[in-house]
Amino acid sequence: MPKGPLMIIGGAEDKLRKRTILKEFVAAAGGEDARIAVIPTASSLGIEVIEVYDALFRREGAGEVIAVRPESRDDAHDEALVASLREATGIFMTGGNQLKLSAIICGTPLGDAILDAHDRGIVVAGTSAGASIQSSHMVAFGGPGSTPKQRMTQVAAGLGLLESSVIDQHFDQRNRYGRLLMIVSQSPQLLGIGVDEDTAAIVEQRVVHAPDDPDAAEDYDGAPHDLLRVVGRGSVTIFDPARITTNAYEAKRSNPILASGIVLHTLPEGSVFDLTTRTLVPPDRRVDLEEAASFAEASHDLRQMARDIAAADASPAALRRRLARSRKKTTPTAAPDGVTS
């Protein structure tokens with residue numbers, strides 16, 4: 001059975017107008033049959049944040065919304081809270097302080113219950129802090145900036161729902177390019193994923209058919225691949241440092257870090273990226289049947305028009321030439337002595 005979808009939301013998702021991302025989450029959780037568990041531990045707002053998401057999810061048709069709010073690691077061992085996640089059809093982690101969220105739930109029965117839910121096919125979503133904690137490694141804190149610098153940020157362990165990766169959120173809006181580049185420079189085995197606001201990276205497991213290229217086909221063994229699909233107003237930025245050249249291991253204090261050879265992918269809405277092979281999935285060029293029929297009819301009309309034009313132009317000229325030739329053959333030629341021949 002494939003694992004459940006992950007919805008990695010960059011924060012500030014639209015809550016007032018189209019609510020595209022939240023609609024997709026509720027649908028993935030089961031719609032009117034959904035039982036959504038909201039984990040607001042990262043937030044300092046308390047009951048208010050639960051009330052907001054309760055209203056939003058119910059407005060999108062969710063059948064039931066429950067709060068699961070551990071405030072300490074002891075709470076995260078509470079069997080009643082753990083049991084509530086076993087009965088959920090969708091799990092949503094709110095924004096706030098991701099280090100607080102990680103410190104309370106990672107490595108506890110509640111954290112294990114989130115992993116188990118993902119393994120049995122349940123959708124797990126998180127916005128802002130709830131997005132960062134989904135990766136194996138997590139930005140704990142750090143400043144903005146475009147240039148990667150030593151000691152620019154700190155890294156902590158995440159839940160590991162998405163392996164061999166590090167996720168950052170509010171990415172373009174808060175200029176977090178430098179700190180994500182610093183992390184992948186220091187840990188080139190990780191894939192860096194930056195998600196803009198009101199944007200979601202939706203990761204789903206699917207079996208991908210091998211391409212025609214024999215060399216590329218080696219990566220396709222029939223096992224499910226993790227495909228990242230982009231939904232929302234912004235973009236998802238991916239840093240692939242597999243072939244990086246860097247001096248991160250020797251850069252001093254807060255000096256700039258050399259980071260050369262990183263492959264950059266900027267993915268707007270509708271893009272699909274294969275996280276397993278670290279390659280872009282070519283867009284599906286589906287043909288609109290009505291449009292195709294219209295073009296076929298137009299093409300037929302143009303060919304008929306061309307034939308008509310050709311016939312109209314060629315036939316009279318051919319007749320004139322044939323007539324001229326026949327006249328030359330039938331016109332008598334006068335002989336010198338006046339005798340016709």
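Let me sum up the structure you'll find in this document. The structure displayed is predicted, hence computed values, not measured ones.

Reading guide: rules and limits
Residues numbered from 1 in each chain as written. Predicted model: local features only at pLDDT ≥ 70, side-chain atom pairs only at ≥ 80, totals over all residues. Heavy atoms only, no water. Pairing = 2+ DSSP bridges. Helix = DSSP H or I, 4+ residues; strand = E, 2+ residues; numbered from the N terminus. Core = buried A, V, L, I, M, F, W, Y, C linked by side-chain atoms within 4.5 Å. Buried < 20%, exposed > 50% of the residue type's maximum accessible area, 1.4 Å probe, protein only. Contact = heavy atoms within 4.5 Å.

## Remarks on the pairing of strand β6 (residues 135–142)
Now for step 1: Note: β6 against strand β8 (residues 162–169), three bridges, orientation parallel. The residue bridging His-137 from the neighbouring strand is Val-166, located in β8.
Now for step 2: Here β6 pairs with strand β7 (residues 153–157) via five bridges, running antiparallel. Its bridge partner being in β7, Val-139 is matched across the sheet by Val-155.

## As for the nonpolar core
Now for step 1: Core analysis: the largest hydrophobic core is formed by 46 residues, its most contacted members being Ile-114 and Leu-228.
Now for step 2: Broken down by element, the residue count for this core peaks at four residues, all from helix α5 (residues 109–119).
Now for step 3: Beyond its immediate chain neighbours, meaning those up to four positions away, Leu-228 contacts Ile-193, Ala-201, Ile-202, Val-203, Val-236, Ile-238, Leu-267, Ser-271, Val-272, Phe-273 and Leu-275.
Now for step 4: By size, the runner-up hydrophobic cluster in this structure holds 23 residues, among which are Ile-50, Tyr-53, Phe-57 and Ile-202.

## As for the sheet that holds strand β17 (residues 279–280)
Now for step 1: Taken in spatial order, the nine strands line up as β3-β2-β4-β5-β1-β10-β11-β16-β17 in an open sheet, and their pairing is mixed. The sheet is open, and its two borders are formed by β3 (64–67) and β17, each paired with just one other strand.
Now for step 2: Pairing analysis gives nine bridges linking strand β10 (residues 199–207) to strand β11 (residues 224–232), with the strands arranged antiparallel. By the bridge assignment, Ala-201 is partnered in β11 with Val-230.

## Remarks on helix α7 (residues 177–186)
Now for step 1: Here α7 lies mainly inside the structure; eight of its 10 residues are buried.
Now for step 2: Restricting attention to buried positions, one finds in α7 the residues Gly-178, Arg-179, Leu-180, Leu-181, Met-182, Ile-183, Val-184 and Ser-185.

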